[in-house]
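Residue-level listing of the chains:
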Amino acid sequence: MTQPPSSPPPERGLFVAFEGGDGAGKSTQVRLLVTALTAAGRSVVVTRQPGGTELGSQIRDLLLHGGEVSPRAEALLFAADKAQHVDHLIRPALDRGEDVVTDRYTDSSIAYQGAGRDLGPDEIHRLLDWAVGGLFPDLTIVLDVPAEVGRQRRGSVHDRLEREHDEFHDRVRRHFLDLAAAAPARYLVVDGTQPPARLHTEIVTRLHGIPALAGLREASG
Ligand code: TMP
């Protein structure tokens, strides 16, 4: 049985993160959810990690399109992006009462660096907890797709992480599912191989569990 997501504290905006493997279809679902929230009269800040700030965009280039980066350096650079992002964009927006929808957040580091790179999910979790000052999403939506489906959808364009072999992406996928299974009230896992409109319906239905969003309607298209 699904559980309602935890409601944000009164006065604070809703914080939703999308997570999942590469090629899972997160950007489409981010766009549809932002459209639905905005149509419901809510003020929404949409962002992505790495990126979302000027420093974050530079870190993104270094991490995804630069040269060799050691696993620990990689974890620290992703953590630095998140620290900047939370201090300069996410926490101020939530404190103003705006909703924040982010394409990836801390679970990406726990799954990719912790499980994929084998640095240890618990250690990465502690690093991230410090980096984001204990700010975690009200709801994390995991778009689950098998590694080979993600690879087919990405075609021939691959960044530094996407170039990793399927076993790496399988470890990442399994870890996202483990994180969700350990805290079902804070997660929704959807089958990313389903049509985008059906996934959007599942997501909106889950958000109806938050009293302020009981009347949320689906975005069209
Ligand atoms: P994307 O924004 O296009 O999904 O690409 C970001 C890539 O970076 C993706 O392969 C996942 C990876 N990543 C990490 O390894 N750790 C992180 O903390 C984040 C945010 C992304």
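Shown above is the structure to which this text applies.
Nothing here was measured: the structure is a model prediction, and the numbers come from that model. (Residues numbered from 1 in each chain as written. Predicted model: local features only at pLDDT ≥ 70, side-chain atom pairs only at ≥ 80, totals over all residues. Heavy atoms only, no water.)

Visitor: Tell me about the overall build of the protein, residues and numbers included.
Guide: Broken down by element type, the protein carries 8 helices and 5 strands. Sequence-ordered secondary structure for the protein, helices as α and strands as β, is β-α-β-α-α-β-α-α-β-α-α-β-α. Relative to the globule expectation of 17 Å for 221 residues, the C-alpha radius of gyration of the protein, 16 Å, shows essentially globular dimensions. In terms of overall dimensions, the protein has C-alpha extents of about 50 × 35 × 30 Å along its principal axes. Counting over 221 residues, the protein shows a buried share of 49%. In the protein, once contacts between residues fewer than 6 apart in sequence are set aside, the share between residues at least 24 apart is 77%. (Helix = DSSP H or I, 4+ residues; strand = E, 2+ residues; numbered from the N terminus. Rg over C-alpha atoms; globule rule 2.2 N^0.38 Å. Buried < 20%, exposed > 50% of the residue type's maximum accessible area, 1.4 Å probe, protein only. Contact = heavy atoms within 4.5 Å.)

Visitor: Would you mind going over the site of the ligand in detail, with residue names and values included?
Guide: Close to the ligand lie 15 residues, the nearest being Asp22, Lys82, Arg104, Ser109 and Gln113. The contact in question runs from an oxygen atom of the ligand to an N or O atom on the side chain of Lys82, over 2.9 Å. One of the side-chain N or O atoms of Gln113 is found 2.8 Å from a nitrogen atom in the ligand. Considered on its own, the ligand offers 480 Å² of accessible surface; in the complex 92% of this is hidden by protein. Counted by class, the shell around the ligand contains 5 nonpolar, 4 polar and 6 charged residues. (Near = heavy atom within 4 Å. Polar contact = N/O pair within 3.5 Å; in protein donor to acceptor, adjacent residues only side chain to side chain. Areas by Shrake-Rupley, 256 points an atom, 1.4 Å probe, with all protein chains shown as cover. Nonpolar A, V, L, I, M, F, W, Y, C, P; charged D, E, K, R; others polar.)

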